[in-house]
Amino acid sequence: MKLFVPGRLCLFGEHTDWAGHYRTMNADIKPGAAIVTGIEQGIYAEVEKSSIFELYSTADEIKNVWQDFSCRMDETELKRIAKSGSFFCYCAGVASYMLEWYKVGGVRIRITDMTLPMKSGLSSSAAICVLVARAFNQLYNLNLNTLGEMNIAYLGELRTSSRCGRLDQACAFGVKPNLMTFDGDEIEVRSLNVKKPLHWVFADLCAEKDTIKILSDLNKAYPFPNSDAERAEHEALGQLNLDIVDRAIKYMAAGDAESLGKLMTEAEAMFDEKIAPMSDALHSPKLHATLQDPNIQPLVWGGKGVGSHGDGSVQFLARDAESQQKVADYLNAHGMKAYTLTLKPVHTVRRAIVPVAGFGTRLYPATRVIKKDFFPIPCPDGMVRPVILILLEELIQSGIEEICLVLGSEEERQQYAEFFEHPLPDEHLRKLNPEAQEYENHILDIGKKLHYVYQREKRGFGHAVYQAAQFAGNEPVLLLLGDTLYRSDSNKPCALQMIEDYERYNRLMVSIHPIPLAEVSRYGILHGVWEDNDHTILNVNAMCEKPKASYAEEFLGVRNKKGDKEYYSVFGQYILTPEVFSQLHEDIMQKEIEGDHVTEIELTAALEAVRKRSGMVGVRLRGRMYDMGNPSSLAKATLEFPQP
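Residues numbered from 1 in each chain as written. Predicted model: local features only at pLDDT ≥ 70, side-chain atom pairs only at ≥ 80, totals over all residues. Heavy atoms only, no water.

As annotated in an unreviewed UniProt entry, the chain carries the name UTP--glucose-1-phosphate uridylyltransferase and comes from Xylanibacter ruminicola. Checking UniProt for the chain, the heading Sequence similarities (unreviewed entry) contains the comment "Belongs to the UDPGP type 2 family." Regarding the chain, the relevant UniProt record gives this comment under Catalytic activity (unreviewed entry): "alpha-D-glucose 1-phosphate + UTP + H(+) = UDP-alpha-D-glucose + diphosphate". (UniProt positions renumbered as here; feature names shortened; annotations may be inferred.)

Student: Summarise the domain arrangement of the chain; cite the residues concerned and give the values.
Tutor: Considered domain by domain, the chain is made up of domain 1 (2-191), domain 2 (198-343) and domain 3 (351-641). One C-alpha centre belongs to domain 1, the other to domain 3, and the line joining them spans 39 Å. At the interface, seven residues of domain 1 touch nine residues of domain 3. Interface area, domain 1 with domain 3, both sides summed: about 630 Å², of which 38% is carbon and sulfur. For the interface between domain 1 and domain 3, the tally reads zero salt bridges. Summed over the shared surface of domain 1 and domain 3, the result is four residue pairs in polar contact (both at pLDDT 80 or more). (Domains from an automatic or database assignment. Contact = heavy atoms within 4.5 Å. Buried area = accessible area lost by both parts, 1.4 Å probe. Salt bridge = Lys/Arg side-chain N within 4 Å of Asp/Glu carboxyl O. Polar contact = N/O pair within 3.5 Å; in protein donor to acceptor, adjacent residues only side chain to side chain.)

Student: Provide a residue-level description of the sheet that holds strand 9 (residues 300-305), including the pertinent values.
Tutor: Here we have four strands laid out as an open sheet, ordered 9-10-8-11, and antiparallel in their pairing. Of all the strands in the sheet, just strand 9 and strand 11 (337-343) have a single pairing partner and so form its edges. Direction aside, neighbouring strands of the sheet carry axes that sit 20 degrees apart on average. Of the pairings in the sheet, the one linking strand 8 (residues 198-204) to strand 11 comprises seven bridges and is antiparallel in character. Across the sheet, the residue bridging to Trp200 is Leu341, located in strand 11. (Pairing = 2+ DSSP bridges. Helix = DSSP H or I, 4+ residues; strand = E, 2+ residues; numbered from the N terminus. Axes fitted to C-alpha atoms, helices over the stretch in contact; angles between N-to-C directions.)

Take a look at the structure:
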């Protein structure tokens, strides 16, 4: 199994993780809040099960400091190594925790690349701890979510002589910005949106910094301040920080790089005024000289220190990509180790695919004369719409700009042309009331957003979806089933719920809903762990097509808030990443090479292949679905859909 864990960069809110923890002793302390992002540099590794705990490296970047390590999976021995201060103390600390609490076997970890610099304020120690926790979690199917991996990495590092902060392990969440809040013992993590590219440069100042003294001096003001200076520190790490973080989130969401850069400079000035006087170790001549360097100033919107501050690391928000490279080159030329980080906006979903090529066998003989996607459904506003029109209107209400329909033949195209492209004859139009006449224009407008492709061979659902690969381009695309209706239980259409969650997680996404255990053998069932307290986001770790009930009960149940098992199937909406179409292409080409022109190309197989490489998110939507290819579900929709 291949794993990657990045380093992390704290953009705003340093020190508030431990400060917020003191709320367990003093309720007047404000919660901590920090904006933290994974970076592009990190640790690449291959992991597998072993009878012992082993670490090897073939990474050129660390060959001069690396020595292979192995140890029995013995709790006492692992704890001893954790306290030794050796090169592998962090790894041993996490392994000892895993053994103590989960009774796991060993793992073999081979680091293949190490692009993350060590001892530079980018949490290389936290990254290796997360790597070890993730290796145990995935190899032994412990069903820990990302926050669980992060917490174990933190607890494992605490078993060493290090006193890491709670935000260091944010690297567990990957290369994207997150808001972390620290309220006593409680930690919450929320993904943040970035509207426009933000060009960061961060650098190791290659100077002296005494982190232990800084933390010791600053902690003296907690939990209860005893002087004006200590009260100023509480204010800076409390309400003032909350205000700065709130503004930073708004600037990132708006793509306002100039205001965000100025806020960085403002945050550094506040730190120097209210926090730096608390420790002699925060006298940072090289940091301040670098921040004020006249050669850098014209290239950046602002800058600030990193981590515990002192003369450790510096970060700048460059004005553009060209300026970003110039700043990095300048810092490198002056003896610092500089790196670039570009936070990119998530591609919002602008396109949708709707396969409608099926005949509708279960609705025969009606489907001899009308396609099932044109079956009439009464709606809450009193109109009677065909199924496909209801689907298309949901997509447009959700911000979709272009829609591709996958048809079975050119003959089917004629029915769509007549409905969406040909105006109603005047003799019929005159009989409609003014509101209905205006709605006729609305139908024609929808027709202008439609594209058509054809599945000329019936080679499975994945084959049908792949016909729209060129339409999808290199962007995420929403996929809806053409014979399924969705009825939202909130003020947002189900498709919009999906799109908004995609913008938070930026991964392959499927909608899910619970089904009875007795019905699992009819569906593809997904298993995973909840990523949020509301149990709406599932980090999928297994997919099983039509399992037996006994197998599902033992291996595929997902615990709800009451601790009971539930079983989740796909709800009928997906957001496909470009990687899915690449996988479908590979699957089709493989069948061509084998001379197999009969076997169906299934979407589920492609999704599972992508999930194993890049992960998958299941989203429990607030809504209901109706299978329009099923007579009983069609009858139910006819009764329920008109209800407001």
